[in-house]
Amino acid sequence: MTSSAAAKIKQQAVPAESASRPALLLDWYDRHRRRLPWRAAAGERADPYRVWLSEIMLQQTGVKTVGPYFEKFLARWPDVAALGRASLDDVLRMWAGLGYYSRARNLHACAVAVLRDHGGIFPDTEEGLRRLPGIGPYTAKAIAAIAFDIRTMPVDGNIERVVSRLYAVEEPLPQAKPLIGVLAEMLLGPSRPGDSAQALMDLGSSICTPKKPACALCPLDDDCAARLRGDQETFPRKAPKKAGTLRRGAAFIVTRGDELLVRTRAEKGLLGGMTEVPGSAWLAEQDDKMALKQAPQVNGVTRWHRKTGVVTHVFTHFPLELVIYIADVAARTRAPAGMRWVPIATLADEALPNVMRKAIAHGLDI
DNA sequence: AAACCGTGGCA
DNA sequence: TTGCCAAGGTT
């Protein structure tokens, strides 16, 4: 641990009964653990492939949202070798709608690496896992603890909240991460590190919730510094984040009979590698006239019909307003360079991010 | 190291 | 309705 973290621990109120916390936590987990598709039955070792797949999908994404995607992936690619042999395009199509698309690229790259460099077997150490694409400090610890029973404590958003309340951590996030990491490790007992981590996650998800925590049901209720002070809901402390600026743009819905004109976005950056309809840049300080000037040159299109209304979408760091223009062209019209026609009937199978699904739905009145 | 990177649920 | 939040990683 760092010396600064050690110094901060001395400032924390650590209740005398803290030695029993790991046992209280595991007892509670044995009675109240959630049943999740990627989670092994009590007492059984989890499948590293399922643990890894679920951890990647769960990065900044809720359990409820992940469920169907996890089942779809598992049915199509039952092990890491199968996923490593899949095409990136197939993986992106299956991932469409889940967001943070660099995760899908890294997922595929990781499966390829495990297949090629590790014979299809996941490394069984935190350090080995950490070297794989898409696996950062948190995920390496989570897989190590849950799949390989290694004594380490991953700290996700749930655990940050639980621990910051348990010890009434006054330092705001993200500065408090090292301190919270050290305090979280103190909740590991002599055995079952993976269950200890999952116990804290379940506790944070079902009892120690962001608002109106159900402290009366918490196994650590009379051992929680924030609860003793009565201000548990004010933890964790957080630095306020600045709001993103509204950006505007135009999307162009070009049909050729029952087909739609699309293209593929650049590999990196926002919605990297995903399919989109042609559109203007997305900029603050851009009006409809400027956006319309960026319409693609399509043979036979002399004027655009503007759909009434706007499509709105909120990304992590900015909101977006899209104006929609439509045009229809004759059969056999060539797609402009870098673009292609796809049947509207098969759009569901395309790697279309949700913002594009919204734009297309608005343009096509569907 | 701060910014970038999606989306849906929920109060 | 608006803002917060979710099993973070990469650059």
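Residues numbered from 1 in each chain as written. Chains lettered and ligands numbered in written order. Predicted model: local features only at pLDDT ≥ 70, side-chain atom pairs only at ≥ 80, totals over all residues. Heavy atoms only, no water.

Chain A has the name Adenine DNA glycosylase in an unreviewed UniProt entry, where Bradyrhizobium retamae is given as its organism. In UniProt, chain A has this text filed under Catalytic activity (unreviewed entry): "Hydrolyzes free adenine bases from 7,8-dihydro-8-oxoguanine:adenine mismatched double-stranded DNA, leaving an apurinic site." Its UniProt record gives chain A a comment under Function (unreviewed entry), which states: "Adenine glycosylase active on G-A mispairs. MutY also corrects error-prone DNA synthesis past GO lesions which are due to the oxidatively damaged form of guanine: 7,8-dihydro-8-oxoguanine (8-oxo-dGTP)." (UniProt positions renumbered as here; feature names shortened; annotations may be inferred.)

Visitor: How do you make sense of the nonpolar core when you look at a structure like this?
Guide: The tendency in soluble globular proteins is for nonpolar side chains to be buried as a group. Judged by nonpolar contacts, the single largest core of 66 residues is most densely connected at Trp52 and Phe122. Both domains that furnish three or more residues to this core are identified here as domain 1 (3-234) and domain 2 (247-364). (Core = buried A, V, L, I, M, F, W, Y, C linked by side-chain atoms within 4.5 Å. Buried < 20%, exposed > 50% of the residue type's maximum accessible area, 1.4 Å probe, protein only. Domains from an automatic or database assignment.)

Visitor: Got a minute to help me understand the environment of arginine 116 in this structure?
Guide: With respect to the helices and strands, the residue arginine 116 is situated in helix α7 (residues 102-117). Sequence separation between arginine 116 and alanine 81 is 35 residues; the distance between their C-alpha atoms is 9.1 Å. Here aspartate 117 takes part through its side chain, which lies 2.9 Å from a polar atom of the side chain of arginine 116. (Helix = DSSP H or I, 4+ residues; strand = E, 2+ residues; numbered from the N terminus. Polar contact = N/O pair within 3.5 Å; in protein donor to acceptor, adjacent residues only side chain to side chain.)

Visitor: I keep staring at the layout of surface pockets and nothing clicks. Help me out?
Guide: Vacant regions in the atomic arrangement are exposed by a probe of water-molecule size rolled over the atoms. Taken as a whole, the largest pocket holds about 1,500 Å³ of empty space. For the lining of the largest pocket, the secondary-structure elements that each account for two or more residues are α3 (48-57), α9 (137-148), α10 (157-166), α11 (177-185) and α12 (193-206). Here the lining of the largest pocket is composed, by residue class, of 20 nonpolar, twelve polar and twelve charged. Estimated volume of the second largest pocket: approximately 460 Å³. As for the second largest pocket, its lining consists of 22 residues, of which Gly99, Tyr100, Tyr101, Phe315 and Thr316 are closest to the centre. Put simply, the parts of the chain that give the lining of the second largest pocket at least two residues each are α7, β5 (311-314) and α15 (354-364). Its residues assigned to classes, the lining of the second largest pocket comprises nine nonpolar, twelve polar and one charged. (1 Å grid on protein atoms, 1.4 Å probe; cavity = no way out; pocket = protein on both sides within 12 Å on 5 of 7 lines; lining within 4 Å. Points joined across faces, edges and corners; volume = space filled by probe spheres on them. Nonpolar A, V, L, I, M, F, W, Y, C, P; charged D, E, K, R; others polar.)

Visitor: When you look at the pairing of strand β1 (residues 247-256) in this model, what are you seeing that I'm missing?
Guide: Looking along a regular strand, one sees side chains alternate from face to face of the sheet. In terms of burial, β1 is largely enclosed, as eight of its ten residues are buried. Bridge count for β1 against strand β6 (residues 319-328) is nine bridges, and the pairing is parallel. Directly across from valine 254, in β6, lies its bridge partner alanine 327. Summarising the sheet, β1 and strand β2 (residues 259-264) pair through two bridges and their orientation is antiparallel. The residue bridging arginine 256 from the neighbouring strand is glutamate 259, located in β2. (Pairing = 2+ DSSP bridges.)

Visitor: Would you mind going over the protein's contact with DNA strand C with me for this structure?
Guide: Around DNA strand C, the surrounding shell holds 24 residues, and the nearest of these are Glu55, Thr139, Asp156, Asn158 and Arg161. Near-protein atoms of DNA strand C (within 4 Å) split between backbone and bases, with sugar and phosphate holding 67%. Measuring from a base nitrogen of DNA strand C, one finds a side-chain N or O atom of arginine 34 at 3.3 Å. Side-chain polar atom of tryptophan 38 to a base nitrogen of DNA strand C: 2.9 Å apart, as the coordinates give it. Contributing elements (two or more residues each) for the surface near DNA strand C: α9 and α10. Of the residues assigned to the surface near DNA strand C, the class counts are ten nonpolar, eight polar and six charged. (Near = heavy atom within 4 Å.)

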